[in-house]
Amino acid sequence: MGMRTMTWAQASARRLERSGLAAGEGAAGAAGKGVGEGFAGSGPAGSASAGDVPAGTPAAVLRALCGAQAQVLSAAELSVGMRLADATRADVRRALWEDRTVVKTFGPRGTIHLLPAADLPLWTGALGALPAGSGNGGGTLGLLTPGQADAVVAAAADALADAELTVDELTDALAERAGSWAADPVMDAFQTKWPRWRAATALAAHRGALCFGPNRGRKVTYTSPQRWLPGFAPAPPEEALSALLRRYLHAYGPATPQDFARWLAAPAGWARDLFAARAKAAEIEPVELAGVPSWVVAGDAAAPAEEPRGVRLLPYFDAYAIACRPRELLFPGRAYERALAGGQAGNFPVLLIDGQAAGVWHQRRSGRRITVTVEPLDRLPARRSRALEGEVERLGRIMEGRAELTVGRVDVGPHA
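Cut-offs used in this document
- Residues numbered from 1 in each chain as written.
- Predicted model: local features only at pLDDT ≥ 70, side-chain atom pairs only at ≥ 80, totals over all residues.
- Heavy atoms only, no water.
- Buried < 20%, exposed > 50% of the residue type's maximum accessible area, 1.4 Å probe, protein only.
- Helix = DSSP H or I, 4+ residues; strand = E, 2+ residues; numbered from the N terminus.
- Pairing = 2+ DSSP bridges.
- Axes fitted to C-alpha atoms, helices over the stretch in contact; angles between N-to-C directions.
- Contact = heavy atoms within 4.5 Å.
- Salt bridge = Lys/Arg side-chain N within 4 Å of Asp/Glu carboxyl O.
- Phe/Tyr/Trp six-rings, centres within 6.5 Å; stacked < 30°, edge-to-face > 60°.
- Parallel < 35°, antiparallel > 145°, perpendicular 65-115°, else oblique.
- Nonpolar A, V, L, I, M, F, W, Y, C, P; charged D, E, K, R; others polar.
- pLDDT = per-residue confidence, 0-100.

Draft legend 1. The arrangement of the pairing of strand β3 (residues 102–106) in detail. Counting buried residues along β3, 5 of its 5 residues qualify, which places the element largely inside the surrounding structure. Where β3 lies against strand β4 (residues 112–116), 5 bridges are found, and the strand directions are antiparallel. Bridged to Val102 within β4 is Pro116. Turn length for the β3-β4 hairpin, with the two strands adjacent in sequence and antiparallel, is 5 residues, and the turn residue Arg109 shows positive phi of about 70°.

Draft legend 2. Expanded view of the sheet that holds strand β11 (residues 292–297). Pairing is mixed across the open sheet formed by 3 strands, whose spatial order is β1-β10-β11. Looking along the sheet, the strands with just one partner apiece sit at the ends: β1 (4–6) and β11. Between one strand axis and the next, the sheet turns through 45° on average, direction left out of account. Sheet topology places strand β10 (residues 284–289) next to β11; 6 bridges connect them, and they run antiparallel. The residue bridging Val287 from the neighbouring strand is Ser294, located in β11. Packing of helix α10 (residues 237–252) onto the sheet brings it into contact with β10 and β11, and relative to β11 it is tilted by some 115°.

Draft legend 3. Focus on the environment of Ile322. Within the secondary structure, Ile322 is located in helix α13 (residues 319–323). In this structure, the C-alpha to C-alpha distance between Ile322 and Arg312, residues 10 residues apart in sequence, is 15 Å. In this structure, Ile322 is in contact with Gln69, Arg109, Phe317, Arg327, Ala345 and Gly346, ignoring residues within four places of it in sequence.

Draft legend 4. Quick look at the pattern of salt bridges. This model, assessed by the stated rule, comprises 30 salt bridges. Close ionic contact of Arg94 with Asp91 constitutes a salt bridge, the shortest N to O distance being 2.9 Å. Placement of both Arg94 and Asp91 in helix α5 (residues 89–97) is noted, with a separation of 3 residues, approximately one turn of the helix. Given a relative accessible area of 35%, Arg94 falls into the partly exposed group. A salt bridge links Arg196 to Asp184, with the nearest nitrogen and oxygen atoms 3.7 Å apart. Residue Arg196 is located in the loop between β7 (192–195) and α9 (201–206), and its partner Asp184 is located in the loop between α8 (167–178) and β6 (185–189); the two are separated by 12 residues in the primary sequence. Each of the salt bridges in this network shares a partner with another, and the network as a whole consists of Asp52, Arg63, Asp119 and Arg247.

Draft legend 5. Here's a closer look at helix α6 (residues 120–127). In terms of burial, α6 is largely enclosed, as 8 of its 8 residues are buried. Along α6, the positions that sit buried rather than exposed are Leu120, Pro121, Leu122, Trp123, Thr124, Gly125, Ala126 and Leu127. Where α6 is buried, its residues contact β3, β4, α9, α10 and α11 (257–264).

Draft legend 6. View of the packing of aromatic side chains. Considering all chains together, one arrives at 13 aromatic pairs under this definition. Taking 5.0 Å as the distance between ring centres and 40° as the angle between the ring planes, the aromatic pair formed by Phe212 and Tyr222 counts as tilted. Linking Phe212 in strand β8 (residues 211–216) with Tyr222 in strand β9 (residues 219–223), this pair joins segments that are 10 residues apart in sequence. Just as Phe212 is buried, Tyr222 falls in that class too.

Draft legend 7. Up close: the side chain of Thr256. Locating Thr256 in the fold gives a position in the loop between α10 and α11. When neighbours within four sequence positions are excluded, Thr256 is seen to be in contact with Phe275, Val292, Pro293 and Ser294.

Draft legend 8. Region of the structure containing the pairing of strand β13 (residues 350–353). The alternating pattern of β13 places Val350 and Leu352 on one face and Leu351 and Ile353 on the opposite face, and all of these are buried. In this sheet, strand β14 (residues 356–366) lies alongside β13 in antiparallel orientation, the contact comprising 4 bridges. Within β14, the residue paired with Val350 across the bridge is Val360. Here β13 hands over to β14 after 2 residues, with Asp354 in that stretch at a positive phi of 55°.

Draft legend 9. How the structure looks around helix α4 (residues 73–81). Buried residues dominate α4, accounting for 7 of its 9 residues. By the burial criterion, the buried members of α4 are Ala75, Ala76, Glu77, Leu78, Ser79, Val80 and Gly81. Where α4 is buried, its residues meet α3 (58–65), β2 (68–69), α5, β4, β14 and α16 (382–398).

Draft legend 10. Here's a closer look at the packing of α10 against helix α12 (residues 268–280). Look at α10 against α12: their axes get within 11 Å of each other, and the N-to-C directions meet at 90°. Comparing the axis directions of α10 and α12 gives the class roughly perpendicular. Side by side, α10 and α12 meet where Glu238, Leu241, Ser242, Leu245 and Leu249 of the first sit next to Trp270, Leu274, Phe275 and Arg278 of the second. Here the residues of the contact of α10 with α12 are counted per class, giving 6 nonpolar, 1 polar and 2 charged.

Draft legend 11. Focus on the confidence of the model for the chain. When the pLDDT values of the chain are averaged, the result is 91; 92% of them are 70 or greater. Counted against residues more than four places away or in other chains, residues 25–47, with its pLDDT under 50, gives 66 contacts.

Draft legend 12. Examining unusual backbone geometry more closely. In this structure, Pro254 follows Gly253 across a cis peptide bond, with omega equal to -5°. Along the chain, Pro254 falls in the loop between α10 and α11. The phi dihedral of Phe317 falls on the positive side, at around 60°, and the residue is not glycine. Looking at the secondary structure, you find Phe317 in the loop between β12 (311–314) and α13.

Written as structure tokens, this is what we have:
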């Protein structure tokens, strides 16, 4: 019997459904419903998760998406809100800063993410086990020796155990605990120099020593995950990596080891070895996607019968745009040049039609008024225009404003 096959359209429909972006989806869709029911314990997430997550919540969406990139926090709020019925950005903020069912920390690629707090043991167990030099999180940019990096992580865990500290306060605390070298201003950053310890910020988060606390005015604070999850500890690395791989393949498969490596900013050879080990353990199985040998979770090769459909506005760094590959099929034709930045996804908000990039957009806010400019790459038929108007109206509700649509050229460049 030959390898199962899946077309690009089938993969797109499956990913849209599981990302809560399929036509008619929302809180009742895969991102709000199926995750809370199917991922905890015995589902694709395995046993590395710290607990179940109620369906139809920001945490359930984040579990389905494998996190939401959040260096632009408002974009992450929109990513989550658009996948929940009648949600606003206030619901995401409440989950993050009041209910603490969501945590802001450093996730895949060493970038700032929103993650379900209940899944932090899984994420830290997996990310903390990445090979040295993986993305921003697995290395320290050559500014710290391994011993110094370990000292920063240990000192941060101690300093933040019962505190929320600004960067300056944490710098003083680390210099006191680890040595004055930790505060040396040697790290290039925005026409200034940051203290040496900051080269290990993502590494400390990946090892479970810190996460973000609430802002103090305009100042960022860090705190300990122990204050969010009493008894928190990273899950065993092998268990956590297996669970994370299954979760990723459930959301974005079929995928190759190279796809997974790019998503994590990890070495391709390491990813191939991980896939081989999980295939040997019968946790994953091969599927051919658009002629390319790829992988899905074992027993999870089904795809929706219907074609992918729907109009969606994906904000900066939306998980669907970043994680779905092959990128040349997700961003076909002119979209590859217009909606990507040197082949990199996430730097432009994307107009998504039937699971594929079909333009870019930008929003500008003044008080409650939100001007949304959408640049389609092709002329929109009437039904698509009506769907786009509905999507813009929905964006306004999520962002607690009044959104107005303009169809025209987007002059704003890519986000760094």
